[in-house]
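The lines below spell out each chain.
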Amino acid sequence: MRNCENYRFIERHRPFRDLTFKFYSDGKLTIIDNTAEEVITPKELKGESYDFYVRRRIAFIKQDLHDKLDKYA
């Protein structure tokens, strides 16, 4: 079963994008620009939205490693 964590992020500086980040338990990611109603890539992120993405990705990786250590310890 594939779980998904959704996070909404609204940029405070131009271009003021309203983004939804969907992190799936299998490692996949979808980033949606809610205003333009289109999917974007991590390459298209800048500034604080990129920082948010990196922090959430690191947190996901740490949690995944922790879960695997518990499972196989």
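Scroll up to find the structure this text is about.
Everything numeric here is computed off the predicted structure, so don't read it as measured data.

Rules and cut-offs
Residues numbered from 1 in each chain as written. Predicted model: local features only at pLDDT ≥ 70, side-chain atom pairs only at ≥ 80, totals over all residues. Heavy atoms only, no water. Core = buried A, V, L, I, M, F, W, Y, C linked by side-chain atoms within 4.5 Å. Buried < 20%, exposed > 50% of the residue type's maximum accessible area, 1.4 Å probe, protein only. Helix = DSSP H or I, 4+ residues; strand = E, 2+ residues; numbered from the N terminus. Contact = heavy atoms within 4.5 Å. Salt bridge = Lys/Arg side-chain N within 4 Å of Asp/Glu carboxyl O.

Novice: Lay out the nonpolar core in plain terms, naming residues and giving numbers.
Specialist: Counting residues in each nonpolar core, the largest one holds 9 residues, listed as Phe-9, Leu-19, Phe-21, Phe-23, Ile-31, Ile-40, Leu-45, Phe-52 and Tyr-53. Only strand S2 (18-24) and helix H1 (47-72) provide two or more residues apiece to this core. For this core, the element with the most residues is S2, which contributes 3 residues. Sequence-distant contacts of Tyr-53, defined by excluding residues within four places in its chain, comprise Phe-21, Phe-23, Leu-29, Pro-42 and Leu-45.

Novice: Summarise the pattern of salt bridges; cite the residues concerned and give the values.
Specialist: For the structure shown, the criterion picks out 5 salt bridges. A salt bridge links Asp-18 to Arg-8; its shortest N-O distance comes to 2.6 Å. Note that Asp-18 is positioned in strand S2 and Arg-8 in strand S1 (residues 4-10), a separation of 10 residues in sequence. With relative accessibility at 13%, the residue Asp-18 sits in the buried group. Taking the shortest distance from any N to any O, the salt bridge between Glu-11 and Arg-17 comes out at 3.4 Å.

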